[in-house]
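Take a look at the letters that make up each chain.
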Amino acid sequence: MVKETTRPALSRRFSVAPMMDWTDRHCRYFLRQLSQRALLYTEMVTTGALLHGHAQRFLQHHESEHPLALQLGGSVPAELAACAQLAEAAGYDEVNLNIGCPSDRVQNNMIGACLMGHPSLVADCVKAMRDAVDIEVTVKHRIGINGRDSYAELCDFVGQVRDAGCRSFTVHARIAILEGLSPKQNREVPPLRYDIATQLKQDFPYLEIILNGGIKTLGECHEHLQVFDGVMLGREAYHNPYLLARVDQELFASEAPVISRAQVLRNMRPYIERHLAEGGAMHHITRHVLGLGQGFNGARRFRQLLSVDIHKTSEPLVLLDQAAALLEGH
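Remember, it's a predicted structure, so these values are computed and weren't measured experimentally.

A.B. asks: I'd love a proper account of the overall build of the protein, names of residues and values included.
C.D. replies: Looking only at helices and strands, the protein has 16 helices and eight strands in total. Taken over the C-alpha trace, the protein has a radius of gyration of 20 Å; the compact-globule value for 330 residues is 20 Å, and the two agree within 12%. The buried share among the 330 residues of the protein stands at 53%. At a minimum sequence separation of 6, the contacts of the protein that also span at least 24 residues come to 72%. Total accessible area on the protein stands at roughly 14,500 Å², and carbon and sulfur atoms take up 49% of it.

What follows is the structure, encoded as structure tokens:
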């Protein structure tokens, strides 16, 4: 008889954003060592990659990553519905539709932020996914795009998607400039407008509104949670991952002790050993843990061991143990 595992309940009170090239399965396994309650998201996966590529590779994840959401990129309702079914069958807890990515590459395929200009199509996509699966379907979007950035147009977008059955909206509180700015600039140049997101929550009080954009500390999380139903951190959670070590205690009232940096890395060792035994490279995983080395004597040496020296050694696990030793007491 197979023993069933009990998954942590899905809560969007604190989540780590989907980030291309960053939130792969190795990154998510690492982040889960720091927080048991944070909701984790995959990188955005396009419908074409799932339906015409190697679906198992994109859907692969470790059971410990839950609660876990798959973020999809696409704009054809039937294709998104089929991908949502794949996600549900693979065990994901949520499917999220990307309406926020501003890159030219995805715009050309009608993916991402450009869809804010097509709210009825987004609504059709959400309805098709909701009709196809029992897990929740959510949307992550901007507060607008250039040429369609009024508050009335934002309310029209949210209203139409709500009418299709969506009850949870993650709001990146910036507009997206679809021409002339890179994705990186689109995360920095358009000003943050928390006031717009606040107004949205006031006007749609019965919807779950998650705030995303520019949040850097747990203190800021506490402040935003006075207004919003949840907070989502992106780059700060990746570059300063030890911030997550106190999430369960401070935001979910956990009484478990705060894990140390050294224990986090020691917890990763069996996972890394398995990856190496399967023919993987250690840097596939260790590139995600470099942010543990911040703010203490030896931090620079820690990062050098796992980013430079790791490529020169025939005994990577020895270097891992040396790096863990540098984290002791910090």
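Let us keep going from here.
A.B. asks: Can you explain the pairing of strand β8 (residues 230-233)? Please cite residues and give values.
C.D. replies: Burial along β8 is two-sided: Gly230 and Met232 and Val231 and Leu233, pointing in opposite directions, are all buried. With three bridges joining them, strand β1 (residues 14-16) and β8 adopt parallel strand pairing. Looking at β8, one finds that Ser15 is bridged to Met232. Pairing geometry for strand β7 (residues 208-212) and β8, over three bridges, is parallel. Bridge pairing in β8 places Leu211 opposite Val231. Note that the unit made of β7, helix α10 (residues 218-224) and β8 has a crossover that is right-handed.

A.B. asks: Tell me what's going on with the domain arrangement of the protein, and back it up with residues and numbers.
C.D. replies: According to the domain assignment, the protein consists of domain 1 (14-252) and domain 2 (261-326). For domain 1 and domain 2, the distance between their C-alpha centroids amounts to 30 Å. Across the boundary between the two partners, domain 1 contributes 16 residues, which contact 15 residues of domain 2. For the pair domain 1 and domain 2, the two sides together bury roughly 1,500 Å², of which 57% comes from carbon and sulfur. Three residues, His26, Phe30 and Tyr242, lead the burial of domain 1 against domain 2; their summed loss comes to 41% of the area buried on that side. Between the two partners, domain 1 and domain 2, sit one salt bridge. The partner of Asp24 in a salt bridge is Arg287, and the shortest N-O contact between them spans 3.4 Å. Sorting the residues of the side of domain 1 that touches domain 2 by element identifies α1 (25-34) and α11 (235-239) as the ones contributing at least two each. The biggest single contributor to the side of domain 1 that touches domain 2 is α1, with seven residues. For the side of domain 1 that touches domain 2, a count of residues per class yields eight nonpolar, five polar and three charged.

A.B. asks: For the packing of helix α6 (residues 119-132) against helix α7 (residues 151-163), give the residues involved together with the corresponding values.
C.D. replies: The contact between α6 and α7 brings their axes to 8 Å, and the two run at 25°. Classified by the angle their axes make, α6 and α7 are roughly parallel. As α6 packs across α7, the resulting crossing turns out to be right-handed. Listed contacts from α7 to Pro119, Ser120, Val122, Ala123 and Val126 of α6 are Asp156, Phe157, Gln160 and Val161. Of the residues that constitute the contact of α6 with α7, the class distribution is six nonpolar, two polar and one charged.

A.B. asks: How would you sum up the nonpolar core? Please name residues and give values.
C.D. replies: Phe14, Leu34, Leu97, Val126 and Leu244 are the most contacted members of the largest nonpolar core, which totals 105 residues. Two domains each donate at least three residues to this core, and these are domain 1 (14-252) and domain 2 (261-326). Discounting chain neighbours no more than four positions away, the residues touching Leu97 are Leu72, Gly74, Leu80, Val122, Cys125, Val126, Met129, Thr138, Val139 and Lys140.

Cut-offs applied
- Residues numbered from 1 in each chain as written.
- Predicted model: local features only at pLDDT ≥ 70, side-chain atom pairs only at ≥ 80, totals over all residues.
- Heavy atoms only, no water.
- Helix = DSSP H or I, 4+ residues; strand = E, 2+ residues; numbered from the N terminus.
- Rg over C-alpha atoms; globule rule 2.2 N^0.38 Å.
- Buried < 20%, exposed > 50% of the residue type's maximum accessible area, 1.4 Å probe, protein only.
- Contact = heavy atoms within 4.5 Å.
- Areas by Shrake-Rupley, 256 points an atom, 1.4 Å probe, with all protein chains shown as cover.
- Pairing = 2+ DSSP bridges.
- Right-handed = clockwise from strand over helix to strand, strands pointing away.
- Domains from an automatic or database assignment.
- Buried area = accessible area lost by both parts, 1.4 Å probe.
- Salt bridge = Lys/Arg side-chain N within 4 Å of Asp/Glu carboxyl O.
- Nonpolar A, V, L, I, M, F, W, Y, C, P; charged D, E, K, R; others polar.
- Axes fitted to C-alpha atoms, helices over the stretch in contact; angles between N-to-C directions.
- Parallel < 35°, antiparallel > 145°, perpendicular 65-115°, else oblique.
- Left-handed = near helix turned anticlockwise from the far one by under 90°.
- Core = buried A, V, L, I, M, F, W, Y, C linked by side-chain atoms within 4.5 Å.

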